[in-house]
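# A structural walkthrough
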Amino acid sequence: MPAIAKEEMLPAWGLAAAGSAGAIVANALVYPLDIVKTRLQVQVRKLPGAVTGPEDHHYKSAVHALQKIFEEEGLSGLYSGLAGSLLGVGTTNFAYFYWYSAVRGLYFSSQALGAVERNPSIGVELSLGAVAGALAQLFTIPIAVVTTRQQTQRKSERKGMLATAREVIESEDGYSGLWRGMKASLVLVVNPSITYGAYQRLKQLMYPGKTNLRPHEAFLLGAMSKALATLVTQPLIVAKVRLQSKPPPDRKGKPFKSFTEILKYTVEHEGVLSLWKGLGPQLVKAVIVQGLLMMTKERMEILFMLLFAYVRRIRKEKLQKLAEIAATNAKKVAPTASAQMAKLTPAVLN
C-alpha cells in the first residue's frame, strides 16, 4: 500500500488529533523526567566561595535530582506545571502533525500524476518537517515559555499558569517575553524534522510497504529516530531552556538576549561538555515519549480511520434510504399525474 494511504483516508485534523493524543499520554507517563532534565539544564555549576540561597540546590545527577525534589517538594514537586506542559504538548503536537500532514499532502499533490514520489528522499522529509515545525512553533511557544518557568519555580515561588504568564509579561521584555527563545525554537525545528524524517525513512527500510505498524514496531521506530535527533540537537535544547527560564543568580536578573549569548556563557562558565548536560534524563525521556507517542498515534489513527469509515457508511446508508423514499414517492405520484393528464387531454382537444 502506498505510504500516503493514511493522508488519503484521514483529513489533516484527524492525523493531528491522533498525534496530539499520543503526545499527551506519553508525556503524562514520564513527566517527572521532564522536571528533572529541565532543572539540570538551567542550573549553573557552583563556583568556590559563591554565595547561595537556602533554596539554591546543585543536583549531582538525575537520580539525585529526583530524590531532592521529592524530599523537599513532595510528590507534587515532580508534577509541577503538569497542566501547562500537557496543554503545550497537546497544542504543539496538534499544530505540528496538522501542518506536517497538510504540507506533505501539498507536496504530493504538486507532483505530476505519473511522477509522484511515494517514498520521498531524506532531504525532502527533513524539509517538510522543518516547515511544519516552524509553523507549529509560531502558535505554541508562549505555552512552552510559561511551562518552563513553572518547572523551574521552587516550592515557595510556585504559581499557576496565568500568574506565571503575568510574571513574564511584567518583566522587562513585556509581552514579547512570551516569545522568548523564538529563534532557538525555530532552529530547533530540526529536532522534529530529523525525528519524523528518520522515522519515515526507517519505516521504509525496516517495514517496506507496511501501512499499519504493530505497537512494538512503532515504539522501536519512534525511539530510534528520537534518540538520533536528541543527540544531535541537545546543545540547542539546553540553550532554549535557559533562554526561557529565569537567568542565573550571577546575572542579577538580567535575561539572556540571544541564542549565541547563552551558548557562549555556558561554555565559558562550565565548559563545552555542559552543552550536553541533562542528556541522560533528556534522552531517556525523549526515547520513551517518542516511542509511546508513535505507538499511541498509530493506534489512534486506526481508530480514527474506523470511525471515519463508520460515518461514511452511515451517511451512505442514509442517502440510499432517501433515494429509495424519493423513488417510491415518484412512483406513487406518476399514476395520479397520468390520470389527470388523460382527463385533461379530451377537454383540450374539444
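Residues numbered from 1 in each chain as written. Predicted model: local features only at pLDDT ≥ 70, side-chain atom pairs only at ≥ 80, totals over all residues. Heavy atoms only, no water.

### Overview of the side chain of N93
Put simply, the rule reads: In this description a helix means any DSSP run of H or I spanning at least four residues, a strand means any run of E spanning at least two, and both kinds are numbered starting from the N terminus. Only protein chains enter the accessibility calculation, which uses a 1.4 Å probe; a residue is then buried when its area is under 20% of its type maximum, exposed when over 50%, and partly exposed in between. Any two residues whose heavy atoms approach within 4.5 Å are treated as being in contact.
You can see N93 is positioned in helix α5 (residues 82-110). By relative accessible area, N93 is classed as buried at 14%. Ignoring anything within four residues of it in the chain, the contact list for N93 reads G19, S20, A23, Y196 and L293.

### Considerations on the confidence of the model for the protein chain
Heads up, the rule is: For every residue, the pLDDT score states the predictor's confidence, bounded by 0 at the bottom and 100 at the top.
Confidence along the protein chain averages 76 in pLDDT terms, with 83% of residues attaining 70 or more. Taken element by element, the protein chain is modelled with least confidence in helix α1 (residues 5-9), mean pLDDT 58, and with most confidence in helix α4 (residues 62-73), mean pLDDT 84. Across residues 113-117, confidence stays below pLDDT 50; counting only partners more than four residues off in sequence or on other chains, it has four contacts.

### Notes on the side chain of D34
Mapped onto the elements of the fold, D34 is located in helix α3 (residues 31-42). The class of D34 is buried, set by a relative accessible area of 8%. Not counting residues up to four positions away in its chain, the partners in contact with D34 are S85, Q151 and K285.

### Observations concerning the nonpolar core
Just so we agree on the cut-off: We call a set of buried residues a nonpolar core when its members are Ala, Val, Leu, Ile, Met, Phe, Trp, Tyr or Cys and they connect through side-chain atoms within 4.5 Å of each other.
Ranked by size, the top nonpolar core spans 25 residues in total, and within it Y96, Y196 and L293 carry the most contacts. Elements with a contribution of two residues or more to this core: α2 (12-29), α5, α6 (122-151), α9 (190-206), α10 (215-244) and α12 (279-349). No other element matches α5, which puts eight residues into this core. The contact partners of Y96, leaving out residues within four places of it in the chain, are G129, A132, G133, A136, P192, S193 and Y196.

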